[in-house]
Amino acid sequence: MLIELEELTKTYGAITALAGLSTALPEGAVGLLGPNGAGKTTMIRSLLGLIAIDAGRGRVLGMDIAREALEIRQTVGFVPEDECLFPGVTGVQFVAYAGELVGMGPRDALQRAHEVLDYVDLGEARYRRAESYSTGMKQRLKIASAIVHDPRLLILDEPTNGMDPVGRDEILALCRDLSRAKGMNLLISSHLLPDVEAVCEYVVVLGKGRVLAQGRIAELKQAHDRQFELRVRGDQRRFAGLLGARGVRAEPVNDHLLVDLPPGSTVAALWETAEQAAEQIRSLRPRRSTLEEVFLRALGEPS
Ligand SMILES: Nc1ncnc2c1ncn2[C@@H]1O[C@H](COP(=O)(O)OP(=O)(O)OP(=O)(O)O)[C@@H](O)[C@H]1O
């Protein structure tokens, strides 16, 4: 397991940031979704031992978050949401320094700094002061310094926040490459569903400091097994009425009917109804939910 958390609790005065959060996340690229204030940053800080939790237990790559925080920080790369650059330092100095902070020797750290700067496409800007970089370049510099020690897990907190569309695509492409080509485990927090879908195969949805839903994205989006989209040649509303008379709920949505088959009945009921009414079914397919619907459902909002 990548991350295992049991009943993690963290309060700030009267505010409960984590309310007994329990989860087990598999290796791979995991999206941490949730609206602002859901507890994503607090969860990440607890994983890295950057804040003391009030109660609960957790392991990151098998290491205990309370007792092995230092080991975790040496094995895990972290790209925080806020700007963490200091002035007067060139790109390569910044990345090499990050390497030394996690225990690399100065020569090793410098060599690796050059390699990762090439990898994130900052090779030409390496001797420029980081404060002169664009927002996208600064973000790639933060990623370079977080992967300088080739971590087994890279945690990114809202990595595309404040990016223009081009910068955003570059960051997402970089994340995809780290996951798929380099085999690095990723935990990416975001309130943007498309970002998570672009990179991750697994998602955990947080709300009010708890896990609301989690699972493989493909499975969460999988067909609702009893919902179908149906188009008929003739009048949709008339056909919806005929289905209703047989106990099959059918609701007109745009140019089709959204059909809910009651337990015990099969799609044969739809074909029979059509035949009896001399109606022609033009298309019938299982309904797929978007990740957005999954997300809204988990948050308890109507989709
Ligand atoms: N240092 C702090 N002091 C007081 N309250 C805090 C502190 N850090 C977080 N909180 C509160 O804890 C709750 C969870 O915050 P957290 O930053 O973890 O959420 P988030 O999901 O990361 O949201 P965001 O995307 O806005 O950062 C919020 O209500 C927040 O105001």
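Residues numbered from 1 in each chain as written. Predicted model: local features only at pLDDT ≥ 70, side-chain atom pairs only at ≥ 80, totals over all residues.

A look at the overall build of the protein chain
This is how it is decided: Only DSSP runs of H or I covering at least 4 residues are called helices, and only runs of E covering at least 2 are called strands; the numbering of each starts at the N terminus. Here the globule rule is a power law, 2.2 Å times the number of residues to the power 0.38, and the radius of gyration is based on C-alpha atoms. Here the C-beta atoms are placed from the backbone, and a residue counts as buried if at least 20 other C-beta atoms lie within 10 Å of its own, exposed if 12 or fewer do, and partly exposed otherwise. This entry defines residue contacts through backbone-placed C-beta atoms, with two residues in contact when those atoms are within 7 Å.
A count of helical and extended segments in the protein chain gives 11 helices and 14 strands. Relative to the globule expectation of 19 Å for 303 residues, the C-alpha radius of gyration of the protein chain, 24 Å, shows a markedly less compact shape. Taken over 303 residues, the protein chain has a buried fraction of 38%. Across the protein chain, the fraction of contacts at a sequence separation of at least 24, relative to all contacts at a separation of at least 6, is 66%.

Some details on the site of the ligand
Rules: The rule is simple: place the C-beta atom from the backbone, and if it lies within 6 Å of a molecule or strand, the residue is near it. Ten residue types, Ala, Val, Leu, Ile, Met, Phe, Trp, Tyr, Cys and Pro, are classed as nonpolar, four, Asp, Glu, Lys and Arg, as charged, and the remainder, Gly among them, as polar.
In the region of the ligand, the neighbouring residues are Tyr12, Ile15, Ala17, Gly34, Asn36, Gly37, Ala38, Gly39, Lys40, Thr41 and Thr42. Looking at the shell around the ligand, the elements with two or more residues in it are β2 (15-25) and α1 (40-47). For the shell around the ligand, the element with the most residues is α1, which contributes three residues. In the shell around the ligand, the residues fall into four nonpolar, six polar and one charged.

Quick notes on the nonpolar core
Applicable threshold: Working definition: the nonpolar core is a set of buried Ala, Val, Leu, Ile, Met, Phe, Trp, Tyr and Cys residues, joined through C-beta atoms within 7 Å.
If you look at the biggest cluster of nonpolar residues, it comprises 67 residues, and the most contacted ones within it are Val30, Val95, Ala144, Cys175, Leu186, Ile188 and Val199. Not counting residues up to four positions away in its chain, the partners in contact with valine 95 are Ala113, Val116, Leu117, Ala144, Ser145 and Val148. Within the second largest apolar cluster, 12 residues are counted, among which are Phe228, Val232, Phe239 and Ala274.

Notes on the pairing of strand β4 (residues 55-60)
Defined as follows: When DSSP finds at least two bridges between two strands, those strands are taken to pair.
In the sheet, strand β1 (residues 3-12) pairs with β4 via five bridges, with the strands oriented antiparallel. Residue leucine 5 lies in a different strand from β4, and its bridge partner there is glycine 58. Both β4 and strand β5 (residues 63-64) contribute to a ladder of two bridges, which runs antiparallel. Paired with valine 60 across the bridge in β5 is methionine 63. If you look at the hairpin formed by β4 and β5, you'll find two residues sitting between the two strands, and leucine 61 has a positive phi there, around 50°.

Structural notes on the sheet that holds β1
Just so we agree on the cut-off: Here an axis means a line fitted to C-alpha atoms, over the contact stretch when the element is a helix, while the angle between two N-to-C directions is reported on a 0 to 180 degree scale.
Strand order in the open sheet made by the four strands is β2-β1-β4-β5, with antiparallel pairing throughout. Bordering the open sheet on either side are β2 and β5, each of which pairs with just one other strand. With respect to the sheet, α1 is in contact with β1, β2 and β4, its orientation differing from that of β2 by roughly 65°.

Some details on the domain arrangement of the protein chain
Our working definition: Domain delimitation in this document rests on an assignment produced automatically or drawn from a domain database.
Partitioning the protein chain into domains gives domain 1 (3-75 + 152-219), domain 2 (84-144) and domain 3 (222-299). Taking the mean C-alpha position of each, domain 1 and domain 3 sit 37 Å from one another. Contacts between the two partners involve 10 residues from domain 1 and, on the opposite side, seven residues from domain 3. Within the residue set of the side of domain 1 that touches domain 3, elements represented by two or more residues are α7 (193-199), β9 (202-207), β10 (210-216) and α8 (217-220). Considering each element in turn, the side of domain 1 that touches domain 3 owes the most residues, three residues, to α8. Across the side of domain 1 that touches domain 3, the residue classes break down as seven nonpolar, one polar and two charged.

Regarding the environment of leucine 117
Considering the arrangement of structural elements, one finds leucine 117 in helix α4 (residues 106-119). The spatial distance from the C-alpha of leucine 117 to the C-alpha of alanine 14 is 43 Å, given a sequence separation of 103 residues. Once residues lying within four places of it in the same chain are set aside, the contact partners of leucine 117 are Gly91, Val92, Val95, Leu122, Gly123, Arg126 and Ala144.

Structural notes on the sheet that holds strand β12 (residues 249-253)
Strand order across the open sheet formed by four strands is β12-β13-β11-β14, with antiparallel pairing between neighbours. Strands at the two margins of the open sheet, each flanked by one partner only, are β12 and β14 (281-286). Strand-to-strand twist in this sheet, taken as the mean axis angle between neighbours without regard to direction, amounts to 25°. Strand direction decides the pairing type here: β12 and strand β13 (residues 256-260), joined by five bridges, are antiparallel. What sits directly across from alanine 250, in β13, is valine 259. Packed onto the sheet, helix α10 (residues 268-276) meets β11 (227-232), β13 and β14 and runs at close to 165° relative to β14.

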